[in-house]
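Breakdown of the fold
Residues per chain, in single letters:
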Amino acid sequence: MSTEAPPLPAVQTAGLTRAFGALKALDALELTVQKGDLFGFIGSNGAGKTTTLRILATFLAPTAGMARVFGRDVAREADAVRHVIGYMPDFFGVYKDMEVTEYLDFFGACYKIPAAQREKTVGDVLELVGLSEKKGALIGALSRGMQQRLGLARVLIHDPELLLLDEPASGLDPRARIEMMAILQELQRMGKTIIISSHILRELETLCNRVAIIEKGRLIYSGPVQGVRDQMAAGRVLWVTVSSDPVQALELLKSRPEVASAEPVDGRIKVTLAGAEIDHSVVAHTLVTGGARLTGLQEDELGLEEVFLRVTRGETQ
Amino acid sequence: MTFLPIVERELRVAARHGSAYWTRWAAALAAMAAGGWIYLVTLRDAPKETGIILFVTLTILANLYALLAGLRATADSLSEEKREGTLGLLFLTDLKGYDIVLGKLAATSLGAFYGMLAMFPVMGMSLLLGGVSPGEFGRVILVSINNLLFSLAAGMFCSSISREDRKAMGATFLIVVLLAALPLLGMLASLSLNSRTLSPLFQIPSPGFTVFAAFDVNYRGTRYQDAYWLSLALVHGLAWLFLIAASLIVPRCWQDQASRAGLAGLGERLRQRRYGLASVRLDLRRRLLGVNPMLWLASRDRYKPAAVFVALAALGCGWLWIYLEAGRYFLVGGAIPTAMAAHSILKVWFANESCRRFSEDRRSGALELLLATPLSVREILRGQRLALWRQFAWPTVAVLAADALLLTASAARMNRLDSSFVQVWLAGMTVLVWDLHALSWVGPWMGLNSRSPNRAATAALARICLLPWMLFAGWIAALAVCETVLRIHLPGRFQEGVFIGVWFALCALTNIGFTAWAGSRLRTRFRETATQRFDAGRGAGGWGRTLGLWVGRKTG
């Protein structure tokens, strides 16, 4: 019987700590990102997101603990790690007097891509990010959204396995943000592992298959988006509409131990369940068997923003 | 309603800033060092003579400080705000142009003013030693402060019309130097016209002339008495004119102007001239990226090497003009000053270029992107040095060739080949190349640690070019003390060869020491330093700021 080794995680940190003087930006962070994940990294300002990404990008050395990218230690095998990552910081400078092609050609050379191959690679990444028509344009003349896309093209120039994107959509208008997210989804389909930090949680919610929530340098949650919703679902809310007497319906609901509270709101009844494990069919069953005419039952979907607000206390370093 | 609210606030902030203490402390220390040195080397002279030498020397130093203060303090004040887009925010309030200009002047100039004040007590020593009258002392103090205001105002004006720091500083330097050296230009013009008199037009507007006219020997009983006051008033008026112009320009220059078709076309043409046509750029890119990506990054601008040649050619033309006017005597007397001027141009330019790339790229965040690539620190540094030599190798060869020509021509003119004369030239030529090599290491490290490339260049030049001269002056002072106080007569102490040897050894020591220091820092701490983000209290002038804060605490 042969036993296959488990696949190597794209990113793994253990006890990862980074201090700046007396300030602990990261405090024993334990994080695992699997290959192919589109991983959302969520936290308040100063929570430690950028520090984590900068350690993974080999810019900062950990004070304690370790971080590995595809099994390679970021501190001891930094050169090897740089070949497999593409890092886009939250704030990055561009050479405004350079043309788009020159910029990418330059970074291609920095990644030691042979000259003969660079021209095709530059064309490919420009097409991928939708900037083919701007290849002769001056970078200084590009809009913010286009500069972000150019930044993404730069990150992709050496075909890295792992993308570390720090707030890639910040400052972009809605259209540019949607386009950016579409590109990221396409990259995930191409098999890239992507770690993305963002404040725009609604987009992460639909984009990412896994998320991590970090506060004061400590990991609060890491796992599937649905998992964190489930964890936070204690006190989940149902909205009930009845065509019969609402007072009767209220009394029926309040009589059940599974219901924490029931109150009328704008012609509907807001029902808060007492626990996450409670099946919401109990509400329908109570009303129907009690003689109320149930015309609507809708569960309040717990958004990532709501989850984030519940699990964090807004504390920053 | 408070009149000039920004000025009041900025003055309070600047007065509490650590750099205000540091500048004052450093200026007083420098004046005391210069004064002490003069005192020691003139121990054999009468106190009155010592007093005069001390006074004249410190007056020249104080006015050099005053005239160059605008470059450091104000030339990049408004232009920096324009680049960072913060100037417009000020105009969203009720502030007027003069509020901004005077506020900025107060904020950036208080340290320079304190520094000047700190020099005056040392200059006052000459009153006690004799040879200097209270009136003369008062006039010099007045003209020094006036020149400081003039330079700061010129800097403010140039800053208001520029966006780039280099352009603002270059324009300030040009205005100050041209006006200060106006009498010299007038003299040359008079020589050309075979005229014996110098027109007042070449004297009165010159801050340099005001200093000249302030001394008793020129002021008393000559026609310069009225000219002094007139020049003082005119230079003062010019300073206010600059400030008024800046106040009028600033509210009109902070918005991004919509580019007009003609201007956009001109911009594109200039860009093509600067970087070449697409095919030329592609060719350069293919050649240099293959050698080192940093080499290409720093070598894209085709004007850079040419600009150095243009500056050197301008110096050569000036030399030729004076030579044709003054005759062959200038061949001997003017050879070493000309060579020193050419060497200085090269060193200052080289220092500026060596600091600029890393300073600007770290500040913009572009350096961080480079460090995320597999390009090693060694490769980045090598590319930067290759680019520097690509820009400066031929100008350096040209200067060395001109040195050799001047040496040969002046030796032929003197009809003798004095060994110490040749030694001076050979030492100067060797030190030029050695200094440039040292700057190619020290400059990048300084640039990496400073928000301002100009400050970084000043720091690099102070270490490589100024320090050996200061040590050399210290050695001369020590020799004078040995001779006159301790009565120790060292053998061969006054031989020219010994002086040249000591100076060369000091240059060599500083170059070796700082090259090793900067090389080690760059190799071991480049990545760590480059990826730190600038914030308040970090970055430029770390030790200076610490010293300033320490002195500030000690003095309450």
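How each quantity is defined
- Residues numbered from 1 in each chain as written.
- Chains lettered and ligands numbered in written order.
- Predicted model: local features only at pLDDT ≥ 70, side-chain atom pairs only at ≥ 80, totals over all residues.
- Pairing = 2+ DSSP bridges.
- Helix = DSSP H or I, 4+ residues; strand = E, 2+ residues; numbered from the N terminus.
- Contact = placed C-beta atoms within 7 Å.
- Nonpolar A, V, L, I, M, F, W, Y, C, P; charged D, E, K, R; others polar.
- Domains from an automatic or database assignment.
- Expected span 1.5 Å × (residues − 1).
- Bend = angle between axes of the 7 residues up to and from the residue.
- pLDDT = per-residue confidence, 0-100.

1. Considerations on the sheet that holds strand β1 (residues 11–20) of chain A
All names here are of chain A. Pairing in this open sheet of four strands is antiparallel, and the strands run β2-β1-β4-β5 from one edge to the other. Since the sheet does not close on itself, it has two edges, and those belong to β2 (23–33) and β5 (72–73), each with one partner. Sheet analysis places strand β4 (residues 64–69) next to β5, joined by two bridges and oriented antiparallel. Bridged to R68 within β5 is D73.

2. Here's the deal with the interface of chain A and chain B
At the interface, 21 residues of chain A touch 20 residues of chain B. Contributing elements (two or more residues each) for the side of chain A that touches chain B: α2 (78–84) and α3 (100–110) of chain A. Per-element tally for the side of chain A that touches chain B: the top contributor is α3 of chain A, with six residues. Tallied by class, residues from the side of chain A that touches chain B come to 14 nonpolar, two polar and five charged.

3. Describing the domain arrangement of chain A
Partitioning chain A into structural domains gives domain 1 (11–230) and domain 2 (233–301). Put simply, the middle of domain 1 of chain A and the middle of domain 2 of chain A, counted by C-alpha atoms, are 44 Å apart.

4. Overview of the domain arrangement of chain B
Residues and elements named next belong to chain B. Structurally, chain B comprises domain 1 (1–255) and domain 2 (283–534). Here the C-alpha centroids of domain 1 and domain 2 sit 27 Å apart. Facing the ten residues of domain 1 at the interface are ten residues of domain 2. Breaking the side of domain 1 that touches domain 2 down by element, the ones donating at least two residues are α2 (18–41), α8 (165–180) and α9 (182–192). Its residues placed into classes, the side of domain 1 that touches domain 2 shows seven nonpolar, one polar and two charged.

5. Here we look at helix α21 (residues 419–448) of chain B
If you check α21 of chain B, its first and last C-alpha atoms are 43 Å apart, about what 30 residues at 1.5 Å a residue would give, namely 44 Å. Of all bends in α21 of chain B, the biggest is about 30 degrees, found at L439 of chain B.

6. Some points on the confidence of the model for chain B
Residue and element names in this part refer to chain B. For chain B, mean pLDDT is 85; residues scoring 70 or higher make up 91% of the total. Mean pLDDT across the secondary structure elements of chain B bottoms out at helix α24 (residues 542–554), with 45, and peaks at helix α7 (residues 134–161), with 94. Reported for the predicted complex are a pTM of 0.78 and an ipTM of 0.76.

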